[in-house]
Amino acid sequence: MNLRYPNGRLLILDLLHKEGISCAEALIRGAYAVGLITEGSLSHNGNCQKCGSLSASRQIVEAYFKQHCSQLSKGGCAEMIKQVTSGIETDVEAYKAKTGLVHPRTEIPDPLDCSNMAPYVFDFMLQHLHRYQ
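A brief report on the enclosed structure follows. (Residues numbered from 1 in each chain as written. Predicted model: local features only at pLDDT ≥ 70, side-chain atom pairs only at ≥ 80, totals over all residues. Heavy atoms only, no water.)

### Considerations on the overall build of the protein
Along its length, the protein carries five helices and zero strands. Counting from the amino terminus, helix and strand elements in the protein follow one another as α-α-α-α-α. In the protein, the proportion of contacts linking residues at least 24 apart, taken out of those at least 6 apart, comes to 64%. Of the roughly 7100 Å² that the protein leaves accessible, carbon and sulfur atoms contribute 50%. (Helix = DSSP H or I, 4+ residues; strand = E, 2+ residues; numbered from the N terminus. Contact = heavy atoms within 4.5 Å. Areas by Shrake-Rupley, 256 points an atom, 1.4 Å probe, with all protein chains shown as cover.)

Here it is, written out as structure tokens:
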């Protein structure tokens, strides 16, 4: 998948460098800024699960569908959540392979490596969620 949201990537870079926040918190604040989820509805719990960007994107996708899917209580959105999060991860892996970017996912993630991927994770997340708007 190609990158399609340069302003979204710039927003995340700005948050990372000017605010000095984690990649996960940058994605959450970015999601608030573009109106994906209601401000204050998420806070990153600090558990990066090997990648703060991907962990935060999962939280954002779940929150997005909770706010926008009337079928969630019946399990109707569970498959969409799974498809979107899987699609984001697939696109990130493909982009890394295409560009040669290094993003080692270890038990203790390197904040620099993780923040380098955050703008791309945000872009792919926006693309996948755009399909459901």
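After that view, the rundown keeps rolling.
### Focus on the environment of Thr 85
Within the secondary structure, Thr 85 is located in helix 4 (residues 78–99). Residue classification places Thr 85 among the buried residues on the basis of a relative accessible area of 13%. Taking the C-alpha atoms as reference points, Thr 85 and Ser 57, 28 residues apart in sequence, are found 7.5 Å from one another. Ignoring sequence-local partners within four residues, the contact set of Thr 85 consists of Arg 58 and Val 61. (Buried < 20%, exposed > 50% of the residue type's maximum accessible area, 1.4 Å probe, protein only.)

### Describing helix 3 (residues 52–68)
Over its 17 residues, helix 3 extends 24 Å from the first C-alpha to the last, a length consistent with the 24 Å expected when each residue adds 1.5 Å. Among the 17 residues in helix 3, twelve count as buried, and that is most of the element. (Expected span 1.5 Å × (residues − 1).)

### Considering the packing of aromatic side chains
Throughout the structure, instances matching the rule amount to four aromatic pairs. Aromatic pair Tyr 64 and Phe 65: ring centres 5.3 Å apart, planes at 85°, arrangement edge-to-face. Judged by centre distance (5.3 Å) and plane angle (75°), the ring pair of Phe 65 and Tyr 132 falls under edge-to-face. Taken together, the residues Phe 65 in helix 3 and Tyr 132 in the segment after helix 5 (111–130) connect sequence positions 67 residues apart. For Phe 65, a relative accessible area of 2% gives the class buried. Its relative accessible area of 30% is what places Tyr 132 among the partly exposed residues. (Phe/Tyr/Trp six-rings, centres within 6.5 Å; stacked < 30°, edge-to-face > 60°.)

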